[in-house]
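# Reading the structure
Below are the chains, spelled out letter by letter.
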Amino acid sequence: MYAHVCFVSCSQSSMESPNLEFEYGDTDTLTAELSELYSYTEEPEFALNRDYFEEDFRSHARGRRWIELTVEEQRAYVMRLLDALEVTDRDKRLKVARAILYLAQGVFDECDTEVDVLHWSRHNVFLLYDMGIFTALLELLSMEIDNSQACSSAVRKPAISLADSTELRVLLSIMYLMVETVRVRTEDDRPEWIAARETFKNELGSPLYNGEPFALLLFTMVTKFCSMNAPHFPMKKVLLLLWKTILFTLGGFEELQEMKVRGRERFNLPPLPEDSIKVVRAMRAASPPASAMELIEQQQQQKRGRRSRRPLVKQDSLDTYNERDPFKNDDARDEEEDPEDTDSGIEGEVDPLDRDVIIQPPPPPPPLRPPTERVNFPKGLPWAPKVREKDIEHFLETSRNKFIGFTLGNDTETLVGLPRPIHESVKTLKQHKYVSIAEVQIKKEEELQQCPMTLLCLGVMFYIVIFLCQIALLKLLLAAAPTSKAKTDSINILADVLPEEMPITVLQSMKLGIDVNRHKEIIVKAISALLLLLLKHFKLNHIYQFEIVSQHLVFANCIPLILKFFNQNIMSYISAKNSICVLDFPHCVVHEMPELTAESLEAGDSNQFCWRNLFSCINLLRILNKLTKWKHSRTMMLVVFKSAPILKRALKVKQAMMQLYVLKLLKIQTKYLGRQWRKSNMKTMSAIYQKVRHRLNDDWAYGNDIDARPWDFQAEECALRESIEKFNSRRYDKNKNGDFTPVDNCLQSVLGQRVDLPEDFHYSYEMWLEREVFSQPIQWEGLLQNP
C-alpha cells in the first residue's frame, strides 16, 4: 500500500511539473554575461584593481572622484594611462592595465548600486574605445601570446594556477568588457556611441590588427593552447571573447534571419513561410516523461499479481521511459491494447508502461464519458509543410512507373496519362514546394563546373580558421563535458580557476568545487554557441563552406561527443546550482559580503533552472541537427550509437524549444528503429507529428520510405567530399587546374626567370655541360616530330 501511495504522489508531481520560463536568445542578460567572465577565485583582484587605480588617480585628481570629473578631464587621464602602457617595465605595465580594468568595471568603489556600476562601466568603455585603448591592448596581447619565456616556464611547471596567467587575464578582461558592452544596444545610447559601435564592429571584422581580423588571433590562442604549447592561457576568457567577437561582427540569430530573407530576395525565391524564431517562441512544452522512480514503483505493482481488467489512469506525459518494459512481453502488451487508448496525441495517449498500475472504481461506459476528457487537438500545426523538388520528382517517377510503365527523368510538368488524383497530388505538392538558398547555390556550382574559368571570390578568413581550429574546440568541449572522466593526458582547462594555494577547509573546498563546475559550464556554453553561430553563417554564405566544416566535425567524432554529453542525468544538469550569487559581479563589489557557510553553498540559488546549461543543451542539439539533416550516413550514426534512449531522456526537460530539436533528431531515425520501437513509443510519434514540420510525402512514421533501404554510406560522404573539393579548388586553390593554366610561351620571360640552384653548382657546371650537352649528339629530326 505504501508503494501505491508513493507512486501516486510521484506521478502527480511529474504531471504538475511547471514549464521552464526560459527565453532562448543570443546571450543571457548583460549582468549574467559580465559575471561569468570572472571566476570566484579572482574575487580578491577586484580590490587590487581599485587600489592600483586610486594610487595613481589620487596624485592626478587632487581629492576629487572619477565620477566628478568632466569628460575632458577624464579623457586627459585616460591619455595619461595610455602613455604609461608603453613603459618597458612589465610590472608597471600590469599596474596600469589593472587601473584601466577598474575603469572598465565601472569604478565600483564610487557607486552605491549595481545599476550605477553598469552605467559607469558603459560610459567608461566608450571613452576607452574612443581614446584608442583597444588597439594598445591588442599590441600587449600579441606580445604576451609570443612570450616564449612564459610559455616554456608554464610547460615545465607540474601545476599551473591563476598566477601564471595574470597579465593575459587582465588584458582579456578589459577587451571582453569593451566588446560586450559596445555590442549590446540600449535605448539611451548617445548618437556618438551608435557611430562608435558600427566603427568598432567594422574594425573587428577587418584585417586592421596586424594584417588579420581580431578573431583570427583568438583562434590562434585556442590552437596553441590545445597543442600543449601554452597551457597557461586563460581559455575560458579566450573562448568568451572569441564568441562575443563573432557574435558582434557576423550577427546573431535575428540578424541571420534577416540575412536569410534578403538572400532569398537576391535569388528571386519566394519569402519564407514563417519566422522560425517567432514560431518556436510561441510553442508550448509537452509534459515530461515519468521518472525512473515511477517505473520502479510500477514494476513492483506489476509483480504483485494481475487482477481482472483494471481501468487505466491516463498521465499527461510523453513516453514513460526510453525503452519498453523488459518485464512485459510483446504478446501480453498486444492483448491488453484497448481501442479507447489508441487516440493519437500527447495529452490522452497511454504508453504501454502506464498500464495496470492503479486500482480505481470502474469508470462509466464510454458513451457516458464527459466530453471534456476527450483529447483536444490544436487547431493548426505550428509549421507550414514543405516539399523539395526531388520529392516531387520521386513521386512522379513512381507514379509514371506504376500507371504508364516509363519515366521522363526530372520532368515535373508533364502529367499525360496519369489519373486525376495524381494531378491533384502534384498540385498540392507544388503549392508547398520550398526551394532553399542552399539548393540554388548547389545548382549554380554545377553550372560553374561546366565553365571552370569563371571564378567567384568569397571571404575565406573564417573558413580557413575554423577548419584549423575545430579539432581544438572539440577537445575543449570534451574536457569540459560533465560526462568526461579525468585523464592524465587530457587538456587541463582549469589553469585560470585554480588558486596558488589549494583549499585547506571544507568550506574552501566546496567553494572551489562550485567554481570549477561553473567554469566548465561556461566553457561548454561559449563553445556550443560559437560552433552553432559559425555553422549558421557558413551555411548562409555558401552551402559548400558549411558542408566542408560539417564533414570535418563529423570526422572528428562530433556526433558521438554530443551524444556522450547528453548521456547523463540531463535534468540534474539543467537545474545545477553551480553559482554563488553573492560572489557574482557586480553584486560582490557594491554589497557587504555575508558570511558564507556550507549550508548556504549547498542550498544554491532559487532559480528554477540554470540558464547557461539549458542554452548549451539547445545549442548542442541544434548543431547535431545541422550535421545530420538530409544526411543518411550520419542519421545511421545516430542509430548505431543508440541515440534514441539518450534523446528520449532529454524530453524530460519541459521546455518547448529543446523538445523540438530532440523530436527532430528522433524523427529522422524512426524509419531505421523498427516497427516494435515505433509501436512502443507512440507518444513520441504523436509529439513529432504535433511539433515538427511536415514533409508531405515523407513516410517517416512507417519506415517504408525509399531512404530506409540499404545505403552506401561511404559513397555518400565521398561524393559530398568530391563536390566540396571542386568548390575549394575553384575558389581557394592558388594552383589552378593545369588544363586551364595559361602557358608562358615567351622565350625572353622564360629564360629571365630566376632559378634556385644548389650552392656547389658553380664548381661542377662545366663538367655537367660537357657530359649532358656537348658530348651528346643532337637528333634534329626527332625534335621536329611530335612526341
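Keep in mind that this is a model prediction, so the values were computed, not measured. (Residues numbered from 1 in each chain as written. Predicted model: local features only at pLDDT ≥ 70, side-chain atom pairs only at ≥ 80, totals over all residues. Heavy atoms only, no water.)

### Remarks on the overall build of the chain
Of the regular secondary structure elements, the chain holds 37 helices and zero strands. The buried share of the chain, taken over its 787 residues, is 49%. Approximately 40200 Å² of the chain is accessible, and the part contributed by carbon and sulfur atoms is 54%. (Helix = DSSP H or I, 4+ residues; strand = E, 2+ residues; numbered from the N terminus. Buried < 20%, exposed > 50% of the residue type's maximum accessible area, 1.4 Å probe, protein only. Areas by Shrake-Rupley, 256 points an atom, 1.4 Å probe, with all protein chains shown as cover.)

### Overview of the pattern of salt bridges
Under the counting rule described, the total for this entry stands at 32 salt bridges. E43 is paired through a salt bridge with K511; the nearest N and O atoms lie 3.7 Å apart. On the criterion of sequence distance, the pair formed by E43 in the loop between α2 (30–35) and α3 (44–61) and K511 in helix α21 (residues 506–541) is long-range, its members being 468 residues apart. Each of E33, E36, E180, R183, K244, E521, K525 and R612 takes part in salt bridges that share partners, so that together they form one network. (Salt bridge = Lys/Arg side-chain N within 4 Å of Asp/Glu carboxyl O.)

### A short note on the side chain of D496
Within the element layout of this structure, D496 appears in the loop between α20 (461–480) and α21. Excluding its chain neighbours within four sequence positions, the residues that come into contact with D496 are S39, L162, S165, R169, P234, M235, K236, K237 and H519. (Contact = heavy atoms within 4.5 Å.)

### Thoughts on unusual backbone geometry
Note: most peptide bonds trans; most residues except glycine with negative phi. Put simply, F585 and P586 share a cis peptide bond, and its omega is 5 degrees. Phi angles above zero are rare outside glycine, and N557 is one such case at about 65 degrees. Within the secondary structure, N557 sits in the loop between α22 (543–555) and α23 (558–566). Judged by its relative accessible area of 47%, N557 is partly exposed. The backbone of K642 shows a phi angle near 55 degrees, a positive value even though the residue is not glycine. Within the fold, K642 resides in the loop between α28 (632–640) and α29 (643–650). Of the residues examined, K642 reaches a relative accessible area of 60% and is grouped as exposed.

### Thoughts on empty space enclosed by the protein
Following the criterion strictly, the structure yields eight cavities of 30 Å³ or more and no others. Of the volumes computed, that of the largest cavity is approximately 100 Å³. Along the walls of the largest cavity sit R90, R93, L94, A97, L140, M143, E144, E167, V170 and L171, which together make up its complete lining. Secondary structure elements with two or more residues in the lining of the largest cavity: α5 (90–104), α7 (133–145) and α9 (166–183). (1 Å grid on protein atoms, 1.4 Å probe; cavity = no way out; pocket = protein on both sides within 12 Å on 5 of 7 lines; lining within 4 Å. Points joined across faces, edges and corners; volume = space filled by probe spheres on them.)

### A short note on the packing of α9 against helix α10 (residues 191–205)
At a minimum axis distance of 10 Å, the contact between α9 and α10 shows a crossing angle of 130 degrees. Here α9 lies oblique to α10, going by the angle between them. In the packing of α9 onto α10, the handedness of the crossing is left-handed. Each of M178, V179, V182 and R183 in α9 lies in contact with α10, whose residues at this interface are R197, F200 and L204. For the contact of α9 with α10, the class distribution of residues is five nonpolar, no polar and two charged. (Axes fitted to C-alpha atoms, helices over the stretch in contact; angles between N-to-C directions. Parallel < 35°, antiparallel > 145°, perpendicular 65-115°, else oblique. Left-handed = near helix turned anticlockwise from the far one by under 90°. Nonpolar A, V, L, I, M, F, W, Y, C, P; charged D, E, K, R; others polar.)

### Details of the environment of G513
Along the polypeptide, G513 turns up in helix α21. We classify G513 as partly exposed; its relative accessible area is 30%.

### Some details on the nonpolar core
Grouped together as the largest cluster of nonpolar side chains are 182 residues, with contacts concentrated most on W66, F214, V222, L476, F566 and M658. Take this core: its biggest share by element is 16 residues, from α21. Here this core spans two domains, and each of domain 1 (30–214 + 228–246) and domain 3 (629–743) adds at least three residues to it. (Core = buried A, V, L, I, M, F, W, Y, C linked by side-chain atoms within 4.5 Å. Domains from an automatic or database assignment.)

### Notes on a nonpolar patch on the surface
A cluster of nonpolar side chains, V755, L757, F761 and Y765, forms an exposed patch at the surface whose accessible area comes to about 370 Å². Structurally, L757 can be placed in the loop between α35 (747–751) and α36 (761–774). Residue class for L757 comes out exposed when judged on its relative accessible area of 52%. (Patch = residues over 30% accessible without salt bridge, like charges linked within 9 Å, V, L, I, M, F, W, Y side chains within 5 Å.)

### A short note on the confidence of the model for the chain
Overall, the prediction assigns the chain a mean pLDDT of 80, with 78% of residues at 70 or greater. Overall, residues 1–16 carries pLDDT values under 50, and its contacts beyond four positions in sequence, including any with other chains, amount to 23 contacts. Here residues 452–456 scores under 50 on pLDDT; set against residues more than four positions off or in separate chains, the count is seven contacts. (pLDDT = per-residue confidence, 0-100.)

### Things to note about the side chain of K386
Among the secondary structure elements, K386 is positioned in the loop between α16 (330–335) and α17 (389–403). Here K386 occupies a buried position and makes no salt bridge, while the nearest side chain of opposite charge, E274, is found at 5.1 Å. Excluding its chain neighbours within four sequence positions, the residues that come into contact with K386 are P273, H432, Y434, R693, H694, R695 and L696. (Lys, Arg positive; Asp, Glu negative; His and termini not counted.)

### Section: α5
Here α5 contains 15 residues, and its C-alpha end-to-end distance of 21 Å stays within 8% of the 21 Å for a straight helix at 1.5 Å per residue. Burial analysis of α5 places eleven of its 15 residues in the buried class, which makes it a mostly covered element. If you check which residues of α5 are buried, you get R93, L94, V96, A97, R98, A99, I100, L101, Y102, L103 and A104. Where α5 is buried, its residues meet α3, α4 (71–84), α6 (114–130), α7 and α9. With a side-chain oxygen positioned 3.0 Å from the backbone nitrogen of D91, the residue opening α5 is D89. One or two residues past the end of α5 sits G106, with phi positive at roughly 100 degrees. (Expected span 1.5 Å × (residues − 1). Polar contact = N/O pair within 3.5 Å; in protein donor to acceptor, adjacent residues only side chain to side chain.)

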